[in-house]
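# A closer look at the structure
In case you want the letters, here they are:
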Amino acid sequence: MQADFILSDATVVDGSGSARQRAHIAVSGQRIAQVGDFAIPAGVPVIDARGLVAAPGFIDSHTHDDGYLLAHPDMTPKVSQGITTVVTGNCGISLAPLAGAAIPQPLDLLGPPALFRFDSFAGWIAALRATPAAVNVVPLVGHTTLRVATMGDVAREADATEIGRMRGLLEEALEAGAFGVSTGTFYPPAAAATTREIIDVCQPLRGRAGIYATHLRDEADHIVPAMEEALEIGRALQCRVVFSHHKLAGARNHGRSRETLDLISQAARRQPVCLDCHPYPATSTMLRLDRVRLAQRTLVTWSKGYPAATGRDFADVMAELGLDDAATLERLKPAGAIYFLMDPADVRRIFGHPLTMVGSDGLPFDPHPHPRQWGTFTNVLRTMVREQNLLTLEDAIHKMTGLAAAQYGLAGRGLLRPGYYADLVLFDPATVTDTATFSEPVQVSQGIHGVWVNGAQVWDGRQPGAARPGHVLEPGHA
């Protein structure tokens, strides 16, 4: 057997959900050569993994890393928590195709205007391949981005000519390698888009077994009609529906996850559907008055109108300025915020659903980001597995790896099997933990001993490596 290195005596949790086993893992080139109890050849470097868990590299099913991959290719926030693959272009917002246009909220959540320099999706893909990052990329194209690139006035439904232009841009993106489309009709630039517009624009998805990921029109009082709209779109386009960052917002909706999860379970009997979630009871996006009024607490993550508000409670800033909530928002905007508006019991219930993947939904350029950007996956391992016993380690790893790979159709990823790509994470199950908090969010996790992407080490337990082995992955069959 030829091997570049071997992890010896690891506790292997292979991503399938099956029981752990003790085994060696041999890596040759970009792939796993062997898993099992085999004789270790002389002269091959050996990493002693006794007492540590070896798992497939984690797949972050929901990110906004489109521009961060280019600006910070070491991807420290992600590799330091064991992530080896990121799904980009979520919530209707992708970096491309958009160049030379004003960048409205929420597109500015993807980073500074200089990053928006690609008038084609293929141009962005080419840049990622020319200067790879440390992690693999699963790209989606955003419907909101298509609207902004095509329409002078996004506060109305698109006309036939605009729909045709958006459809052409989508066709080009799919040819360039997009796995599918995301929508964000919750946000102003896409709120006027009707169900019919979305189906018409997304016609190129038909016959491709693609992804339709959606930040729903409403995640609060009207969540069920919003979910039914998404399922209707999925059926019309013959796509897999991904309910992004599934949540119930606002105290009067707490507990309704029973209802929404039942709806998902019923739908899954008729059409491809799944969901992603992170383990925190707070979400983060642009500063919006409806969210401020719904949340128990709002923490400002950045503000161009009043930079002194960054990292502070909105209520304290409001008192300091002597303004009401609407006037305070006007003073701060454009701005971002973290909203504490979910019930932890709903979060746990959502995580327990068999179709729930793990997605961080982090906003990497926020000056004071939500801790999910740095700690989502290790938080799950600490809270959901070790502290609450909500999930077994095997189930949690499956949600982070094999389940996501299957839902997104990632060939040769998500499992520790001979012939699969060597995306690996080695961690101590007794100590692995997030350290990022709401007050100190930019902190690496602990207990992650090593991370490899396509056979190259990108994290050594203390710092990122120099290797940039990430691939832009190509659509398979979910």
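Check the entry above for the structure.
First, a word on scope: everything that follows refers to the structure included in this document. (Residues numbered from 1 in each chain as written. Predicted model: local features only at pLDDT ≥ 70, side-chain atom pairs only at ≥ 80, totals over all residues. Heavy atoms only, no water.)

## Brief notes about the overall build of the protein
- For the protein, the helix and strand inventory stands at 16 helices and 22 strands.
- Its C-alpha atoms give the protein a radius of gyration of 22 Å, within 12% of the compact-globule value 23 Å for 478 residues.
- In terms of overall dimensions, the protein has C-alpha extents of about 70 × 50 × 45 Å along its principal axes.
- Among the 478 residues that make up the protein, the fraction classed as buried is 61%.
- Sequence-distant contacts in the protein: of pairs separated by 6 or more residues, those separated by 24 or more amount to 75%.
- Placing the 41 positive and 49 negative side-chain charges of the protein at their respective mean positions leaves the two points 2 Å apart. (Helix = DSSP H or I, 4+ residues; strand = E, 2+ residues; numbered from the N terminus. Rg over C-alpha atoms; globule rule 2.2 N^0.38 Å. Buried < 20%, exposed > 50% of the residue type's maximum accessible area, 1.4 Å probe, protein only. Contact = heavy atoms within 4.5 Å. Lys, Arg positive; Asp, Glu negative; His and termini not counted. Charge placed at Lys NZ, Arg CZ, Asp CG, Glu CD.)

## A look at the sheet that holds strand 6 (residues 58-60)
- If you trace the three strands from one edge of the open sheet to the other, you get 6-7-10, paired in parallel fashion. Every interior strand has two partners, whereas the edge strands, strand 6 and strand 10 (136-139), have only one. Neighbouring strand axes in the sheet, compared pairwise and without regard to direction, differ in orientation by 20° on average.
- With four bridges joining them, strand 7 (residues 83-88) and strand 10 adopt parallel strand pairing. Among the inter-strand pairings, T88 is bridged to a residue of strand 10, identified as P139. (Pairing = 2+ DSSP bridges. Axes fitted to C-alpha atoms, helices over the stretch in contact; angles between N-to-C directions.)

## Overview of the pairing of strand 13 (residues 211-215)
- When you tally the buried positions in strand 13, you get five out of five residues, the bulk of the element.
- Residues I211, A213 and H215 point to one face of strand 13 and Y212 and T214 to the other, with burial holding for every one of them.
- Note: strand 12 (residues 180-184) against strand 13, five bridges, orientation parallel. From the neighbouring strand, S182 faces strand 13, where its bridge partner is A213.
- As paired elements, strand 13 and strand 14 (residues 240-243) share four bridges and run parallel to each other. When the bridges of strand 14 are listed, I211 appears paired with R240.
- For the crossover from strand 13 across helix 8 (residues 223-237) to strand 14, the handedness is right-handed. (Right-handed = clockwise from strand over helix to strand, strands pointing away.)

## A look at the sheet that holds strand 11 (residues 141-142)
- Spatially, six strands are ordered 11-12-13-14-15-19 in an open sheet, and the strand pairing comes out parallel. In the strand order of this sheet, the two ends are held by strand 11 and strand 19 (356-358), each with one partner.

## Observations concerning empty space enclosed by the protein
- Applying the stated rule across the entire model yields three cavities of 30 Å³ or more.
- The calculated volume of the largest cavity comes to roughly 140 Å³.
- Considering the residues around the largest cavity, the lining is formed by 19 residues, among which Y187, H215, T283, S284 and T285 are closest to the centre.
- For the lining of the largest cavity, the per-class residue count stands at eight nonpolar, six polar and five charged.
- P56, G57, I59, T84, T85, L410, G412, R413, G414, L415, Y421 and D423 are the residues that line the second largest cavity.
- For the lining of the second largest cavity, a count of residues per class yields five nonpolar, five polar and two charged. (1 Å grid on protein atoms, 1.4 Å probe; cavity = no way out; pocket = protein on both sides within 12 Å on 5 of 7 lines; lining within 4 Å. Points joined across faces, edges and corners; volume = space filled by probe spheres on them. Nonpolar A, V, L, I, M, F, W, Y, C, P; charged D, E, K, R; others polar.)

## Overview of the pairing of strand 7
- Judged by how many residues are buried, strand 7 sits mostly within the fold: six of six residues are covered.
- Taken together, the three bridges between strand 6 and strand 7 define a ladder with parallel strand orientation. Among the inter-strand pairings, F58 is bridged to a residue of strand 7, identified as I83.

## Here we look at the side chain of T433
- With respect to the element layout, T433 can be found in the loop between strand 20 (424-427) and strand 21 (448-453).
- By relative accessible area, T433 is classed as buried at 13%.
- Engagement of the side chain of T433 in a polar contact is seen with the side chain of D434, the distance being 3.5 Å.
- Beyond its immediate chain neighbours, meaning those up to four positions away, T433 contacts T378, R382, R386, S445 and Q446. (Polar contact = N/O pair within 3.5 Å; in protein donor to acceptor, adjacent residues only side chain to side chain.)

## Details of the packing of helix 9 (residues 257-268) against helix 13 (residues 344-351)
- Closest axis-to-axis distance for the helix 9/helix 13 pair is 10 Å, and the angle between their directions is 20°. In terms of axis orientation, helix 9 runs roughly parallel to helix 13. When you trace helix 9 past helix 13, the crossing you get is right-handed. Every residue of helix 13 that contacts helix 9 at S257, R258 and L261 is listed here: D346, R349 and I350.
- Taken together, the residues of the contact of helix 9 with helix 13 sort by class into two nonpolar, one polar and three charged. (Parallel < 35°, antiparallel > 145°, perpendicular 65-115°, else oblique. Left-handed = near helix turned anticlockwise from the far one by under 90°.)

## Describing the packing of aromatic side chains
- Across all of its chains, the model carries eight aromatic pairs by this definition.
- Plain terms: the ring middles of F58 and F377 are 5.7 Å apart, the flat faces sit at 10° to each other, and that makes the pair stacked. Residue F58 is found in strand 6, and its partner F377 is found in helix 14 (residues 372-387); the two are separated by 319 residues along the sequence.
- Between F340 and F438, the ring centres sit 4.8 Å apart and the planes meet at 55°, which makes this aromatic pair tilted. With F340 in strand 18 (residues 335-340) and F438 in the loop between strand 20 and strand 21, this residue pair connects regions lying 98 residues apart in the sequence.
- Among the residues examined, F340 registers a relative accessible area of 13% and is labelled buried.
- One aromatic cluster in this structure is built from F58, F377 and F427. (Phe/Tyr/Trp six-rings, centres within 6.5 Å; stacked < 30°, edge-to-face > 60°.)

## Notes on the pattern of salt bridges
- The full count for this structure, using the stated rule, is 29 salt bridges.
- Salt-bridge contacts for R256 lead to E259; the nearest nitrogen and oxygen are separated by 3.0 Å.
- Of the residues examined, R256 reaches a relative accessible area of 18% and is grouped as buried.
- Two residues, D361 and R372, come together in a salt bridge whose shortest N-O distance is 3.4 Å. With D361 in the loop between strand 19 and helix 14 and R372 in helix 14, the pair connects residues that are eleven residues apart, well separated along the chain. In terms of burial, D361 and R372 fall into one category: buried.
- Linked through salt bridges whose partners overlap, the residues forming this network are D60, D65 and K78. (Salt bridge = Lys/Arg side-chain N within 4 Å of Asp/Glu carboxyl O.)

Honestly, that's just the spatial picture; any functional story needs more than this.
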